[in-house]
Structure formats: C-alpha cells, structure tokens
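Architecture at a glance
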Amino acid sequence: MGLEQIKTRITAAETAAGRQPGQVRLIAVSKVQPPDRVESVLDAGQRVFGENYVQEAQGKWPAWRDRFNGVELHMIGPLQSNKAKQAVQLFDAIHTLDRMSLARKLAQQIAEQGRSPDLFIQVNTGDEPQKAGVLADELPGFLASCRDLGLDPQGLMCIPPEADDPVPHFRLLRRLAQENGLPNLSMGMSADFESAIAEGATHIRVGSAIFGARDYG
Ligand SMILES: *Cc1c(COP(=O)(O)O)cnc(C)c1O
C-alpha cells in the first residue's frame, strides 16, 4: 500500500466526514518491521511512529532519533508496570493506560523524570475478558483516580473485537470522550481507519497498510 496512498486516503476520509484535512494524526505502527522498511518511511518524511514493545523500541529508536529530527514515538502495546520507567524515558505518548497499578508507576516516573508523555486511557469497549482496558462504566472513576495522582489523560483508545463491526465501538469511545471532556481519540487501524475518521478519530494507528504484512517468524 505505502505511505503516500494512506495519506491520500486519510485526506479523502477527512473531507468526506466534513473535517478539516490535516487534523488526523497518522501513527505509523512499526513494530516487528524490518529496519529498511522503517527507514524508507522516515526518508519519506513520516515522523510519528507507534511501537508495542518497550524493549524492541529501545533497541531501534535511539539511533534513528539521532539521524532524523522530530521523531515522535507512541506506545500502543500493553505496558507492564515494571517497564514504566523506560516507557516514560522513551515515549512521547502512551495509549495503553489501563489500570491503577500502572497509573501509580507512571505518576511516580513522570514526577522523577520531569517528562510527561501524553496519556490515553485504553477502554475495553467490547467487554472482552481477555482484553486490556478499563470498562466503559468504570471510566469516570478511573479518570478521577488518575487525576488524584496528578496525571492528566487527554484521550481514549480502543481496539474493537476482531469479529465485530468496529463502528459501534468507535461511537462508544467518542461518546465516552465527550462525556468526560477528553479531546483525543486513538482509534482505527489498517482495516478500518476510514470509518474511525468518520467517527471522529484524532489519532489512527496504521501498520501493515503502510509497511506491508508483519512477519513474526
Ligand atoms: C499492531 C497494532 C496496530 C496496527 O495494526 P495494522 O492492522 O497493521 O494497521 C494498531 N494498534 C495496535 C494497538 C496494534 O497493536
């Protein structure tokens, strides 16, 4: 597919939704991709990237940050509390704040390091038992507890159940963000980013449609 085609499709989706083109932030999800693919996307000017694993990101990004100005890194995978320190050092945004134990660790690290990544609360919009995320009903209380710790989450993130139509999940996330006064919505991936844009996504996370299929070999 490639970066340019995705950007064209984003602009078209923004326009179709009556939104100002250029509002949606494209996060290029580079997890597990071969370095040459990531470098060609960096060469093409993309600067916002998403990673799922702290250790993998730590191995790859410091060198690229030295070579390419203005790189912005987003953590979009499950975050273990014992990786909070490295995550706060490395990432400019964390999309997977999903429990109080992690909130406490992040608050501690943000205070110690004087660095504040943008925070998104992950919501388990499908009530899936195996999936991370705060339940919709628990969101107001969770947000209040985060604020008590001095954290200031500015958005919500979801990964709809694979078998579902994603649109009702995007709508639920949008409604929850509105009700809770949060401006940012991280939703939409390769298969559904255009519907996410139609439903108000501010951040879309697109991997395989830019880089090609992932090989977990
Ligand atoms: C891997 C991943 C993506 C990107 O998925 P694609 O289908 O390749 O676009 C987006 N969001 C999260 C949370 C992911 O783990």
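First, a word on what this report is: a plain description of the structure on this page. All residue numbers refer to position in the chain's written sequence, counted from 1. Only residues with pLDDT of at least 70 get local features here, since the model is predicted, and only at 80 or more are side-chain atom pairs given and counted; chain-wide, interface and lining totals rely on the full set of residues. Heavy atoms throughout the structure, all of them, feed into the side-chain values; hydrogens and water do not.

Some points on the overall build of the chain
Within the chain one finds nine helices and eight strands. To get the radius of gyration, use the C-alpha atoms; to get the globule rule, take the number of residues to the power 0.38 and multiply by 2.2 Å. A compact globule built from 217 residues should have a C-alpha radius of gyration of about 17 Å, and the chain, at 17 Å, falls within 12% of that. Projected onto its principal axes, the C-alpha coordinates of the chain cover approximately 40 × 40 × 35 Å. Split by element, the accessible area of the chain, about 10,000 Å² in all, is 47% carbon and sulfur. The numbering of helices and of strands both runs from the N terminus, where a helix is a DSSP run of H or I of at least 4 residues and a strand a run of E of at least 2. Accessible areas in this description were obtained via Shrake-Rupley with a 1.4 Å probe; residue shielding takes into account the shown protein chains only.

A look at the environment of Met-187
On the secondary structure map, Met-187 appears in the loop between strand E7 (184-186) and helix H8 (193-198). Along the chain, Met-187 and Leu-156 lie 31 residues apart, while their C-alpha atoms are 8.4 Å from each other. Contact between two residues is taken to exist if any of their heavy atoms lie within 4.5 Å; hydrogens are not considered. Beyond its immediate chain neighbours, meaning those up to four positions away, Met-187 contacts Cys-158, Phe-170, Leu-173, Ala-196, Glu-199, Gly-200, Ala-201, His-203, Ile-204 and Arg-205.

Some remarks on the site of the ligand
To be near a molecule or strand, a residue needs just one of its heavy atoms within 4 Å of it. Near the ligand lie 13 residues; those nearest to it are Lys-31, Asn-52, Ser-190, Gly-207 and Ser-208. In protein, a polar contact requires one atom able to donate a hydrogen and another able to accept it; more generally it is a pair of N or O atoms within 3.5 Å, and residues adjacent in sequence count only if both atoms are side-chain atoms. Ser-190 places a side-chain nitrogen or oxygen 2.5 Å from an oxygen atom of the ligand. Ser-208 is positioned with one of its backbone polar atoms (N or O) 2.7 Å from an oxygen atom of the ligand. About the coverage of the ligand: the protein hides 89% of its 390 Å² of free accessible area. Using only the protein atoms, space was sampled on a 1 Å grid; points where a 1.4 Å probe fits but cannot get out form cavities, open sets with protein on both sides within 12 Å along at least five of seven lines form pockets, and lining residues are those with an atom within 4 Å of a point. The way we define it, a molecule is inside a pocket or cavity when more than half of its atoms are within 2 Å of that pocket's grid points. Of the pockets mapped on this structure, the ligand occupies the largest pocket. Taken together, the residues of the shell around the ligand break down into six nonpolar, four polar and three charged. Three classes are used, and their members are as follows: Ala, Val, Leu, Ile, Met, Phe, Trp, Tyr, Cys and Pro are nonpolar, Asp, Glu, Lys and Arg are charged, and the others, Gly among them, are polar.

Thoughts on the pairing of strand E5 (residues 118-122)
Among the five residues that make up E5, four are buried, leaving the element largely enclosed by the rest of the structure. By the bridge criterion, three bridges tie strand E4 (residues 93-97) to E5 in an arrangement that is parallel. Looking at E5, one finds that Ala-93 is bridged to Asp-118. By convention, a crossover is right-handed whenever its connection, traced from the first strand over the helix to the second and viewed with the strands pointing away, goes clockwise. With helix H5 (residues 100-113) bridging E4 and its parallel neighbour E5, the resulting β-α-β unit is right-handed. Pairing between two strands is assigned when DSSP locates at least 2 bridges connecting them. Where E5 lies against strand E6 (residues 155-157), three bridges are found, and the strand directions are parallel. If you follow Phe-120 over to E6, its bridge partner there is Gly-155. Each residue is placed in one exposure class: buried if its accessible area under a 1.4 Å probe, protein chains only, is under 20% of its type's maximum, exposed if it is over 50%, and partly exposed if it falls in between.

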